[in-house]
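# Coordinate analysis (summary)
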Amino acid sequence: MPLFATRSALAPLLGEVAARQRAVLASGRYVLGPEVEAFEQEFAAFAGVSHCVGVANGTEALTIALRALGIQPGEEVVVPALTFYATAEAVVNAGARPVFCDVDPGTFNMTAATVEPVIGERTTALLPVHLFGNPAPMAELRELADRRGLRLLEDAAQAAGATLEGRQAGSLGDAAAFSFFPSKNLGGFGDGGAILSDDDEVAASARRLRVHGSADKQLHTEVGYNSRLDELQAAGLRVLLPHLDEWTAARRRVAAAYAAAGLGELLELPRETSGGKSCFHLYVVLGEERERLAAGLAEAGVASRAYYTTPLHRQPAMEHYASQQALPGAEQVAAMSLALPMGPALTDAQVVAVVEATHAALSDTV
C-alpha cells in the first residue's frame, strides 16, 4: 500500500494531459505563453486572489515572494522550526536571516504564542507554513503582524485546497508561495511553483524578478532570477485544477475513516486548526514507538515515512542562524511523527487494513 494513494485518481486524466501538452509542443511556445497565462488566471480565481505569478518551483516562489514583499538583506524572518528545509533556505537565498520559532505539537504549526518571543528589532516578516496541509492560525498571526508592522507570507506548498474560515490557503497573507512538485495535492509533471497576492505591487515585482529583474527584457531594474513556470507544466496543471476540490474532499473522507476505524485508540491523530479544514497532504500521527510501528507496517506491506526528523534549528547548514534554545514542540513532533498512507484513491478497506496493521505492530505496547 503506497504512502501517496493518488495514481488511480490521476490515471483517467492522463490522456487529456497528454493531448494538452502535445498542443503545446505543436505551438512552439514553451515558456510564459498562453497556457501559463490561463493557469495563472484560473489558479488565482480558485484561491480568491487578484494575482498568480507562475515560477519554476516552490522554493523560488518563497525567495521571490520575500523579495517582492520588500524584505531586505540582513533583516529577520520568523520561520517554524518544523518544516521542510526549503522554507529556511529560501529566506537565506533572499538575503535575509531565518529566526526559528516553536510549533504547537497538536496542529504542527507556528502560533502567535510561539512566534512573539523570538521577534526582534530586525524582524520584518513572519513565514507560517501550512504544514502537512493544515492551515496555520492566520487570524492571530495577522493580528500580530499588523501590531508589529511585519509582512506575512504563507508557505502554502503543501496546502492547495485547504481552507481557513471558508477562505482558501494562499489568500490569507500578504502573499503566498505554492509548489506543484508531483507529490503535492495539485502536483504537476515536474517542477513548478506560484506566488499569489492581492497586492498589485507585490505581483508586479514578482513578475520582474522571475525574468532577471526586467519588465520588458530590455531594461533590468534589479538583479532577479531565471524562474518561469513552463507551458508544458501549466497545460497539465490546467487539466488537474478543476478536480482539486473533489480530491480534497476524498482526502478528508480518508482522514475521517482513520478516526472511525479506531486509529485514535492507538496513536495521537492530527488535529486541525480551529476554523480550518486541512487538505491532508500528509496524514501524520504521533506515537512513542515510531520505529517499531514503521517496521511493523513495512512487514505488512504498508508504506510509512517519518518527515522532518531533524528540525531546522538542528540542521548543520542552519547552525549559523540558530540559537541554542530548546524548541520542545518541534522536537517532540520530529521524534514521534509518522506519515501513514493518504490520498484520494485510498479506500475504506485499505484504511481498515492500515489500522489493523498498526494494531498488530503495537500489540505488545498498547
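Coordinates for the structure precede this section.
The present account deals with the structure reproduced in this document. (Residues numbered from 1 in each chain as written. Predicted model: local features only at pLDDT ≥ 70, side-chain atom pairs only at ≥ 80, totals over all residues. Heavy atoms only, no water.)

### Concerning the pairing of strand S3 (residues 97–101)
- Extensive coverage of S3 is indicated by the burial of four of its five residues.
- Where strand S2 (residues 76–80) lies against S3, five bridges are found, and the strand directions are parallel. Bridge pairing in S3 places Pro80 opposite Cys101.
- At this point the chain moves from S2, through helix H5 (residues 85–93), to the parallel S3, and the crossover so formed is right-handed. (Buried < 20%, exposed > 50% of the residue type's maximum accessible area, 1.4 Å probe, protein only. Helix = DSSP H or I, 4+ residues; strand = E, 2+ residues; numbered from the N terminus. Pairing = 2+ DSSP bridges. Right-handed = clockwise from strand over helix to strand, strands pointing away.)

### Re the sheet that holds strand S4 (residues 123–126)
- Taken together, the seven strands give an open sheet; going across it, the order is S1-S9-S8-S5-S4-S2-S3, and neighbouring strands pair in mixed fashion. Two strands bound the open sheet, and with one partner strand each, they are strand S1 (51–55) and S3. The average undirected angle you get between the axes of adjacent strands in this sheet is 30°.
- In this fold helix H8 (residues 200–209) packs onto S1, strand S5 (151–155), strand S8 (175–179) and strand S9 (193–197), with an angle of close to 20° to the strand it touches most, S1. (Axes fitted to C-alpha atoms, helices over the stretch in contact; angles between N-to-C directions. Contact = heavy atoms within 4.5 Å.)

### A look at the packing of aromatic side chains
- For the structure shown, the criterion picks out 10 aromatic pairs.
- With centroids separated by 6.2 Å and ring planes inclined at 5°, the aromatic side chains of Phe43 and Phe46 adopt a geometry described as stacked. On the criterion of helical spacing, the pair formed by Phe43 and Phe46 is a turn pair, its members being three residues apart in helix H3 (residues 34–47).
- Its relative accessible area of 1% is what places Phe43 among the buried residues.
- The interplanar angle of 80° and the centroid separation of 5.4 Å between the aromatic rings of Phe108 and Phe132 together place this pair among those described as edge-to-face. Here Phe132 lies in the loop between S4 and helix H7 (138–148) and Phe108 lies in the loop between S3 and helix H6 (112–115), a separation of 24 residues in the sequence. The residues Phe108 and Phe132 share a single accessibility class, namely buried. (Phe/Tyr/Trp six-rings, centres within 6.5 Å; stacked < 30°, edge-to-face > 60°.)

### Details of the pattern of salt bridges
- Applying the stated criterion to the full structure yields 16 salt bridges.
- Its salt-bridge partner being Glu143, residue Arg147 comes within 3.0 Å of it at the nearest N-O pair. Taken together, the residues Arg147 and Glu143, both in helix H7 and four residues apart, mark about one turn of the helix.
- By relative accessible area, which is 43% here, Glu143 ends up partly exposed. (Salt bridge = Lys/Arg side-chain N within 4 Å of Asp/Glu carboxyl O.)

### Thoughts on the sheet that holds strand S6 (residues 163–164)
- Taken together, three strands build an open sheet; the order of strands is S7-S6-S10 and the sheet is antiparallel. Both edges of this open sheet fall to strand S7 (167–168) and strand S10 (276–277), since each of them pairs with a single strand only.
- Inspection of the sheet shows S6 paired to S7 by two bridges, in the antiparallel sense. Bridging from a neighbouring strand, Thr163 pairs with Gln168 of S7.

### Thoughts on the packing of helix H10 (residues 244–260) against helix H13 (residues 348–361)
- The interhelical angle for the contact between H10 and H13, taken along N-to-C directions, is 45°, at an axis separation of 9 Å. With respect to their mutual orientation, H10 and H13 come out oblique. In terms of crossing hand, the pair formed by H10 and H13 is right-handed. Between H10 and H13, the residues in contact are Val254, Ala257 and Tyr258 and Asp348, Val351, Val354 and Val355, respectively.
- Broken down by class, the residue content of the contact of H10 with H13 amounts to six nonpolar, no polar and one charged. (Parallel < 35°, antiparallel > 145°, perpendicular 65-115°, else oblique. Left-handed = near helix turned anticlockwise from the far one by under 90°. Nonpolar A, V, L, I, M, F, W, Y, C, P; charged D, E, K, R; others polar.)

### Focus on the environment of Val91
- Looking at where Val91 falls in the secondary structure, it is placed in helix H5.
- Exposure remark for Val91: the relative accessible area of 0% places this residue in the buried category.
- Not counting the four nearest positions on each side in its chain, Val91 is found in contact with Leu66, Val77, Val79, Ala96, Arg97, Pro98 and Leu127.

### Describing the nonpolar core
- Within the largest apolar cluster, 51 residues are counted, with the highest numbers of intra-cluster contacts made by Val77, Leu82, Phe100, Phe108, Phe132, Leu153 and Ile195.
- For this core, the secondary structure elements donating two or more residues are S1, helix H4 (58–68), S2, H5, S8, H8, strand S11 (283–286) and helix H12 (328–336).
- In terms of residue count, the dominant contributor to this core is H4 (six residues).
- Discounting chain neighbours no more than four positions away, the residues touching Phe132 are Phe108, Gln158, Ser278, Phe280, His281, Leu282, Val284, Tyr307 and Tyr308.
- Counting residues in each nonpolar core, the second largest holds 31 residues, with Val17, Ala176, Ala194 and Ala234 among its members. (Core = buried A, V, L, I, M, F, W, Y, C linked by side-chain atoms within 4.5 Å.)

### Observations regarding the state of the cysteines
- According to the stated counting rule, one finds zero disulfides in the structure shown.
- In this structure Cys52 is not part of a disulfide, and its nearest cysteine sulfur, from Cys279, lies 17 Å away. (Disulfide = S-S within 2.5 Å.)

### Re the pairing of S2
- In terms of burial, S2 is largely enclosed, as five of its five residues are buried.
- Residues of S2 alternate between two faces, with Glu76, Val78 and Pro80 on one and Val77 and Val79 on the opposite face, all of them buried.
- Note that S2 and S4 share three bridges and pair parallel. Note that in S4 the partner of Val77 across the bridge is Ala125.

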